[in-house]
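Okay, here's what each chain looks like letter by letter:
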Amino acid sequence: MATQDPKLKLAAVLEELEMSRSAFYRMVARGKAPKLIKLPNHQIRVRRSDLDAWWAAQEQNAAA
């Protein structure tokens, strides 16, 4: 049985990042956001693993 990689709703991602929706979309426009999944109904999801990888990259960038 394969392990599921939860897909987070945008509201959950914004809460975790402590960021407004407009600030998040500015980050998306600059190519600095976690990888997004755009659903056919125009909703957005972020895989938990992609958000965790994004956090790790931010920590490495801050340490450099």
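What counts and what doesn't
Residues numbered from 1 in each chain as written. Predicted model: local features only at pLDDT ≥ 70, side-chain atom pairs only at ≥ 80, totals over all residues. Heavy atoms only, no water. Core = buried A, V, L, I, M, F, W, Y, C linked by side-chain atoms within 4.5 Å. Buried < 20%, exposed > 50% of the residue type's maximum accessible area, 1.4 Å probe, protein only. Helix = DSSP H or I, 4+ residues; strand = E, 2+ residues; numbered from the N terminus. Contact = heavy atoms within 4.5 Å. Arc of directions from axis to C-beta. Salt bridge = Lys/Arg side-chain N within 4 Å of Asp/Glu carboxyl O.

Draft legend 1. Highlighting the nonpolar core. Formed by Leu-8, Leu-10, Val-13, Leu-14, Leu-17, Phe-24, Met-27, Ala-33, Val-46, Leu-51 and Trp-54, the largest nonpolar core amounts to eleven residues. For this core, the secondary structure elements donating two or more residues are α1 (10–17), α2 (21–29) and α3 (48–63). The element contributing the most residues to this core is α1, with four residues. Excluding its chain neighbours within four sequence positions, the residues that come into contact with Val-46 are Pro-6, Lys-7, Leu-8, Val-13, Pro-34, Lys-35, Leu-36 and Leu-51.

Draft legend 2. Geometry of α1. Within α1, the full set of buried residues consists of Leu-10, Val-13, Leu-14 and Leu-17. Seen from one end, α1 has its buried residues packed into an arc of 100°, which puts them on one side. Summarising the geometry of α1, the exposed residues directed more than 90 degrees from the buried face are Ala-11 and Glu-15. Of the surrounding elements, those touching the buried residues of α1 are β1 (7–9), α2, β3 (44–47) and α3. Glu-18 sits one or two positions beyond α1 and adopts a positive phi of about 50°.

Draft legend 3. Molecular detail of the pattern of salt bridges. The final tally for this structure, using the stated rule, is three salt bridges. Notably, a salt bridge pairs Arg-48 with Glu-16, separated by 2.9 Å at the nearest N-O pair. Taken as a pair, Arg-48 in helix α3 and Glu-16 in helix α1 lie far apart in primary sequence, 32 residues in all. Residue classification places Glu-16 among the partly exposed positions, given a relative accessible area of 31%. Between Arg-48 and Asp-52 there is a salt bridge, with the nearest N and O atoms lying 2.8 Å from each other. Here Arg-48 and its partner Asp-52 are both found in helix α3, four residues apart, which amounts to about one turn of the helix. Given a relative accessible area of 23%, Arg-48 falls into the partly exposed group.

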